[in-house]
Each structure stands twice: as C-alpha cells, then as structure tokens.
Amino acid sequence: MNRTMIAASNTLGQLQKQIDVISNNMANVETTGFKRGEASFTDLLVQQLNNQPNQAAEVGRLTPLGIRQGNGAKIGQIQNVQSQGSLKTTNRDLDVAFTKENLYFMIGVEEGNVIRLSRDGAFYLSPNGNENMLVTADGHTVLDENGNDIVINGDIKEIQISDEGVLKAITTDGGEQTFNLGVVSVQKPQFLEKLGDNLYGLPDNYDGLGVTADDVLTELTGALRTDISMKQGALESSNVDLSKEMTDLITAQRMYQFQSRSITMGDQMLGLVNSIR
C-alpha cells in the first residue's frame, strides 16, 4: 500500500466521524435547548524531505522549503457551539428558557446521586401524595442551588419563575414556597460531554486533561445569581441551522468521495506496476 492510500484511508475514518456529528445535529434540530457540535481537523504526522540543499536557490519561494508528505487528517476537536437559540413563546408556567449563553440547569439523575446539566427548560410536576416534585420530560429531578430535589407541598395554584431563577409556588390555601433553581455557568464548554437525553456532564477523565471542575463551570449561588437571566413561558430552540448543516454534509460527502477515489487510483497504479514484466 503506497502513501497516498494510507493517507486517504486515515482521512476516511475521520470524515465519517464528521458526518456522524452533522447527522446528530440534523436529528436534533427540533430538540429544546440543543447545542450543535462542530468538528475541526488537524494534520497527522508530516514528513519533510529537504530535496534542495542550496537554500540560496529558493529565494523568493512563498511555500515552506522542501517537500512535505502527510499521512492524512484527523479530527482535532468536536466543539459544543454555545450560541443562543431563538426563543419560542409557550405561555406555560413550567416552561423556562435561558436568555444568556453558557448557563445550564442542574439536573439529578440516578435518583439524584449524579448531577448533570441541561438547557432544556420544559419542566413538569410529578405528584406523590401531597407532594409535587419538579422533573424534566424524561423524569429526571430538577435541583435547587444546593443540589437538592425541588419538592412542593400542597395543591398548587400558580407557579412563578423570576428572571433570576427564583421559583415561587402558590398553593390553593394561599401559602407560598420559594426555591432557587440550581444554575451553573460554564466557562469551558469544550470539556462538556454529551451524555444523551439532552444532558451534559464532565468526562470521567477530565482531571487528566489538566483542568478541575471549578475551571470548567461555576455554580451560581449567593451574589453570583445576578448573572442568571431566564424567561418564564418560553423555551429555547435548538441553535442548529439546517441549511448550514446540509451544506456541511454535502461538503463532507464530496471529500469522502475524493478520498475514496484516491484509494482507487492508488490501487490502479499498483496494478500497473505489478503488470510490468
């Protein structure tokens, strides 16, 4: 197998991953609060051949000296693009949308033992006797600023959610219960991992990447809650631009075809060499 075929085969596998990222974006174009992924490429190991020992003969050259032979490309990073999605008004009391980037709700999974993050503000009440627990559409619990489940006692008449994330539940007997929704601000979203069900979290080996949890995100409690900005009665749409994703998909498919053609041409060249007597 010659170098051309090696470089093309290496790149084919990485292009397939890019197509998978684009396909996932398109599949979630209607998912509330979804953030699109974007793959970027870097070169694999490059070998430089200094075929011209006399550098004086290369005066005026605009490209690097010598001949560079690569081994294809790889995906350097799949970035979570945090641009704000458009808001869709629902006029539903339990729908809430962030109006600033990089803010996430704290969600409890596995009976609240594990904290995940989500931009999906479509909440529901799960009744249990005289109690009502605030949950997501998938049944995960919504946490307050202390990491505890939000449980409202009594028959609920009205729920108000302020722009700073304060939930006030008014019961039919005139009582009021107040909770601060758990919200975090993410400084380094590239370290977040998509975990399914529109949830994000830190990877298991993030400490081996040279960062701590405090470097990646900050829990907005106390005076920091002034950084929260949300709107009740609305949901944030996905930030996926379908026309752009279609364009990127066509471009990736064309590059995939070119790399496949390179392997075919390399195979034909080897066939010609083997046929020489």
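Scroll up to find the structure.
So, how was this worked out
Residues numbered from 1 in each chain as written. Predicted model: local features only at pLDDT ≥ 70, side-chain atom pairs only at ≥ 80, totals over all residues. Heavy atoms only, no water. Helix = DSSP H or I, 4+ residues; strand = E, 2+ residues; numbered from the N terminus. Polar contact = N/O pair within 3.5 Å; in protein donor to acceptor, adjacent residues only side chain to side chain. Contact = heavy atoms within 4.5 Å. Phe/Tyr/Trp six-rings, centres within 6.5 Å; stacked < 30°, edge-to-face > 60°. Axes fitted to C-alpha atoms, helices over the stretch in contact; angles between N-to-C directions. Parallel < 35°, antiparallel > 145°, perpendicular 65-115°, else oblique. Left-handed = near helix turned anticlockwise from the far one by under 90°. Pairing = 2+ DSSP bridges. Salt bridge = Lys/Arg side-chain N within 4 Å of Asp/Glu carboxyl O. Buried < 20%, exposed > 50% of the residue type's maximum accessible area, 1.4 Å probe, protein only. Core = buried A, V, L, I, M, F, W, Y, C linked by side-chain atoms within 4.5 Å.

So, the side chain of threonine 171
- Within the secondary structure, threonine 171 sits in strand S14 (residues 166-171).
- A polar side-chain atom of threonine 171 sits 2.3 Å from a polar atom in the side chain of aspartate 173.
- Ignoring anything within four residues of it in the chain, the contact list for threonine 171 reads Asn153, Gly154, Asp155, Ile156, Lys157 and Gln177.

What to know about the packing of aromatic side chains
- The final tally for this structure, using the stated rule, is 3 aromatic pairs.
- Here tyrosine 104 and tyrosine 200 contribute two aromatic rings whose centre-to-centre distance is 5.6 Å and whose plane-to-plane angle is 70 degrees, an arrangement assigned as edge-to-face. Of the two residues, tyrosine 104 sits in strand S7 (residues 103-109) while tyrosine 200 sits in strand S18 (residues 200-201), which places them 96 residues apart along the sequence.
- Look at phenylalanine 105 and phenylalanine 123: their rings are 5.0 Å apart centre to centre, the planes differ by 75 degrees, and that puts the pair in the edge-to-face class. Of this pair, phenylalanine 105 sits in strand S7 while phenylalanine 123 is found in the loop between strand S8 (114-118) and strand S9 (124-128), placing the two residues 18 residues apart along the sequence.

Section: the packing of helix H1 (residues 3-27) against helix H3 (residues 242-275)
- One way to put it is that H1 packs onto H3 with a least axis distance of 9 Å and a crossing angle of 160 degrees. Considering the angle they form, H1 stands roughly antiparallel to H3. The element H1 and its partner H3 pack so that their crossing is left-handed.

Quick notes on the sheet that holds strand S13 (residues 156-161)
- If you walk across this open sheet you meet the 3 strands as S13-S14-S15, and the pairing is antiparallel. Among the strands making up the open sheet, the edge pair consists of S13 and strand S15 (176-180). For this sheet, the mean inter-axis angle between neighbouring strands, taken without regard to orientation, is 15 degrees.

A short note on the pattern of salt bridges
- By the definition in use, this model includes 8 salt bridges.
- The partner of lysine 35 in a salt bridge is glutamate 236, and the shortest N-O contact between them spans 2.6 Å. One end of the pair, lysine 35, is in the loop between H1 and strand S1 (37-43); the other, glutamate 236, is in strand S21 (residues 234-236), and 201 residues separate them in sequence.
- Classification of glutamate 236 by relative accessible area gives buried; the value is 2%.
- Its salt-bridge partner being arginine 225, residue glutamate 145 comes within 3.5 Å of it at the nearest N-O pair. Here glutamate 145, found in the loop between strand S11 (141-142) and strand S12 (151-153), pairs with arginine 225, found in the loop between strand S19 (217-219) and strand S20 (230-232); they are 80 residues apart in sequence, far enough to count as distant.

What to know about the side chain of asparagine 198
- Topologically, asparagine 198 is positioned in the loop between strand S17 (193-194) and S18.
- Of note is the side chain of asparagine 198, whose polar atom sits 2.6 Å from the backbone oxygen of threonine 32.

Details of the nonpolar core
- Core analysis: the largest hydrophobic core is formed by 23 residues, its most contacted members being Phe105, Leu134, Leu167, Leu181, Val183 and Met230.
- Elements with a contribution of two residues or more to this core: strand S6 (96-98), S7, S13 and S14.
- Looking at this core, the element that brings in the most residues is S7, giving 4 residues.
- The contact partners of leucine 181, leaving out residues within four places of it in the chain, are Phe105, Leu134, Val142, Leu143, Asp144, Glu145, Ile150, Ile161, Gly165, Leu167, Arg225 and Met230.
- Of all hydrophobic cores here, the second largest spans 13 residues; its members include Leu117, Leu192, Leu202 and Val211.

Digging into the pairing of strand S10 (residues 131-135)
- Relative to S10, S9 runs antiparallel, the two sharing 5 bridges. Looking across to S10, one finds that tyrosine 124 is bridged to valine 135.
- Connecting S9 to the next strand, S10, in antiparallel fashion are 2 residues, including glycine 129 with a positive phi near 70 degrees.
- Pairing of S10 with S12, which is carried by 3 bridges, proceeds in the antiparallel orientation. Among the inter-strand pairings, methionine 133 is bridged to a residue of S12, identified as valine 151.

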